[in-house]
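# Per-entry structural report
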Amino acid sequence: MAENKETLGTTADSSETPGHHHQLEQQRESSRSDSDQEEKRKDDGESGGNGGPPVPTGFWDERTRGLRLEVVGGWARTTLILCTFILTVMSLYWGVLYNVEQNLSSLNVYVVDFDGTQPPYNDVTPLVGPMITQQTEKMISMGQNGNHLGYITMDPAVFNNNPMQVRQAVYDFKAWAAIIINPNATALLQQAVQQGNASYEPLGACQQIWVEARDQDTYYNYILPQLSALETTITSMFGQMWTRMVLSNTSIPITNLQAAPQALSPAIGFSMYSLRPFTPPVTTPAVTIGLIYLIILAFFSFTFFLPIYSKLLTPAPNRPPLRFWHFVIVRWCGTIAAYFFMSLAYSLISLAFQIPFANDDAPHTVVANNPDAYGKGTFVVYWMINFIGMIALGLACENVAMIIGQPWTAMWLIFWVITNVSTSFYSLDLSPKWYYWGYAWPLHNIVEASRSTLFDLHSRIGLNFGVLFVWVAIDTALFPFCCLFMKKQTYREQKEAVEKEKS
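This section reports on the structure supplied with the text. Just so it is clear, the structure is predicted and the values come from calculations on it, not from any experiment.

### Describing the pairing of strand β3 (residues 177–181)
When you tally the buried positions in β3, you get five out of five residues, the bulk of the element. Across the two faces of β3 the burial is the same, with Ala177, Ile179 and Ile181 and Ala178 and Ile180 all buried. Bridge count between strand β1 (residues 108–113) and β3: five bridges; the pairing is parallel. Its bridge partner being in β3, tyrosine 110 is matched across the sheet by alanine 178. Sheet topology note: the β3/strand β4 (residues 206–210) ladder contains five bridges and is antiparallel.

Shown next, in the form of structure tokens:
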């Protein structure tokens, strides 16, 4: 009996042990399963789970520490470059107008006194001429901190005692303006009060001559206001002096003064003559702001045509790539041909808006509205100016774009526009002398040649085309080397991309 009990106990213990072990095993598996799921959740946080894209995390996550430093460093470096660029390049635009008031004296104005110098008036003691020349010379001697035009008293003999030669000098850009005191200024004034000449015209005493189409902004902003102020000062001073002289002369009958009151006040005046007025207003874009788009069009044509030309270097089944130097020649010729038609389209806009292109030229010393320098051939000359100018501007953009690449080409465009605009749309005579390099810049010569063509101004078109052709020659000489540089740079980038993909 005791043996049976012992046997039953042993059997019970044996039967309990496997179940217990099985339960423990289940607990272990459950624990491992929980651990695997936790690990899986961690992995899912990094890889997105199921092979998907990474799950976004916060900016301050510890795992993005290296990336944060890289991004902040890149941001700081780029911001510093852009700020430096703004301070240096954009300052060129502000600087062109720096100290304009102090540079006004660089705008030469001839003062030529013919009063009483020619028969039959040379036996009259001049009054008008000496008064005006003394006033302008006084302004120069006093300095007035340089805030005055550059008045220069000229001997009439320099112009062969001919007022028309003074006009010719202004037309030839030897001076920005001229004040001419007519030979009969004093004689006719005295005759008017002595004879009571009711037809006396005070404006016949003096002339002011300028050429508005040379640079309308400079004239209206700086020259004409100063000339107007000078006229007011002179007429006031002379009027007071002349009135005292006339009233103190008891031999002059009061009826004479009543018949010709204008001979007493204002006594003298200035006739205004703009030899070449700036008209019509629609011409403004053709010689100013519109030319900015000539630069922009030339610049962006590079990005339009490059993918087309690149196909010549890309091999395809049954078609080898083009030899590199053949590619360079084809691309240069294609670029020039594109500029030919683009400049024509640009020039046709001016024709469509009825800018005069078929008027005859006019004598240089007379006032003429809308004369054209080359008659019916003016449009062709204007088109060629834009064509050669577009090559000079555009090939420079092509060369630089191939060298520096993106995104730096945007900075080049800003630099190219600012340096050309600041030296073309503003008078360099008023700018600091440091800006005189602008005389050699393409747009300055395009503007000057366009103005001389459209307004029949004093022509330096040979010089203008010469400067533009020098730019074309230099750009053309550099063009193959820039193409070669871009080819090597592209090959290097492609090789690095392949190696990176393999790794």
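### A short note on unusual backbone geometry
Proline 266 follows serine 265 through a cis peptide bond whose omega is 15 degrees. With respect to the helices and strands, proline 266 occurs in the loop between α8 (254–259) and β5 (270–274). Along the chain, threonine 279 connects to proline 280 via a cis peptide bond; the corresponding omega equals -5 degrees. With respect to the element layout, proline 280 can be found in the loop between β5 and α9 (284–287). The backbone phi angle of alanine 267 is positive, close to 75 degrees, even though this residue is not glycine. With respect to the helices and strands, alanine 267 occurs in the loop between α8 and β5. The phi dihedral of asparagine 370 falls on the positive side, at around 60 degrees, and the residue is not glycine. With respect to the secondary-structure elements, asparagine 370 resides in the loop between α11 (324–352) and α12 (378–404). The exposure class assigned to asparagine 370 is partly exposed, which follows from its relative accessible area of 22%.

### Description of a nonpolar patch on the surface
Judged by side-chain polarity, Ile81, Ile403, Ile404, Trp408 and Phe485 come together as a nonpolar surface patch covering roughly 400 Å² of accessible area. The class of isoleucine 404 is partly exposed, set by a relative accessible area of 35%.

### A few points about α12
Taking 1.5 Å as the rise per residue, α12 with 27 residues should run 39 Å; its terminal C-alpha atoms sit 39 Å apart, in good agreement. With 21 of its 27 residues buried, α12 lies for the most part within the structure. At the C-terminal side of α12, glycine 405 shows a positive phi close to 65 degrees.

### Overview of the sheet that holds strand β2 (residues 150–154)
On the basis of which strands lie adjacent, the open sheet formed by five strands has the order β2-β1-β3-β4-β5 and mixed pairing. Each of the sheet's edge strands pairs with one partner strand only, and the pair in question is β2 and β5. The average angle at which neighbouring strand axes cross in this sheet is 20 degrees, direction not considered. Against the sheet, helix α5 (residues 163–171) engages β1, β3, β4 and β5, with an angle of about 170 degrees to β3.

### Focus on the packing of α11 against helix α15 (residues 461–502)
Contact pair α11 / α15: the axes reach a minimum separation of 10 Å and the direction vectors enclose 125 degrees. If you check the angle between α11 and α15, you find them oblique. Every pair of crossing elements has a handedness; the one defined by α11 and α15 is right-handed. For the pair α11 and α15, the contacting residues are Phe324, Trp325, Val328, Arg331 and Trp332 in the first and Thr476, Phe479, Pro480, Cys483, Leu484, Met486 and Lys487 in the second. A per-class count over the contact of α11 with α15 returns nine nonpolar, one polar and two charged.

What counts and how
Position numbers for residues count from 1 along each chain, tracking the sequence in the order it is written. Selection of residues for local features in this predicted model requires a pLDDT of at least 70, selection of side-chain atom pairs for listing and counting requires 80 or more, and totals for whole chains, interfaces and linings are taken over all residues. Side-chain descriptors were evaluated using all non-hydrogen atoms of the structure, hydrogens and water having been removed beforehand. For every residue, the accessible area (1.4 Å probe, protein chains only) is compared with the maximum for its type, and the residue is labelled buried under 20%, exposed over 50%, or partly exposed between those bounds. Here a strand is any run of E in DSSP of at least two residues, a helix any run of H or I of at least four, and the numbering for each starts at the N terminus. We call two strands paired when DSSP finds no fewer than two bridges between them. Nonpolar side chains (Val, Leu, Ile, Met, Phe, Trp, Tyr) are joined into patches within 5 Å and like charges within 9 Å, using only residues with over 30% relative accessible area and no salt bridge. Exposure was quantified through the Shrake-Rupley algorithm and a 1.4 Å probe, taking into account, for residues, occlusion by the shown protein chains and nothing else. For salt bridges, the criterion is a side-chain nitrogen of Lys or Arg within 4 Å of an Asp or Glu carboxyl oxygen. Expected span of a helix, by definition, is 1.5 Å for each gap between consecutive residues, and there is one gap fewer than residues. Interaxial angle, 0 to 180 degrees, is taken between N-to-C directions of lines fitted to C-alpha atoms, where a helix line uses only the stretch in contact. The contact rule is simple, with two residues in contact once any of their heavy atoms fall within 4.5 Å. Angular relationships are summarised with four words: roughly parallel below 35 degrees, roughly antiparallel beyond 145, roughly perpendicular across 65 to 115, and oblique for the angles in between. Each crossing gets its handedness from the near helix: less than a right angle anticlockwise from the far helix is left-handed, clockwise is right-handed. As a working rule, the residues Ala, Val, Leu, Ile, Met, Phe, Trp, Tyr, Cys and Pro are called nonpolar, Asp, Glu, Lys and Arg charged, and the rest polar, with Gly in that last group.

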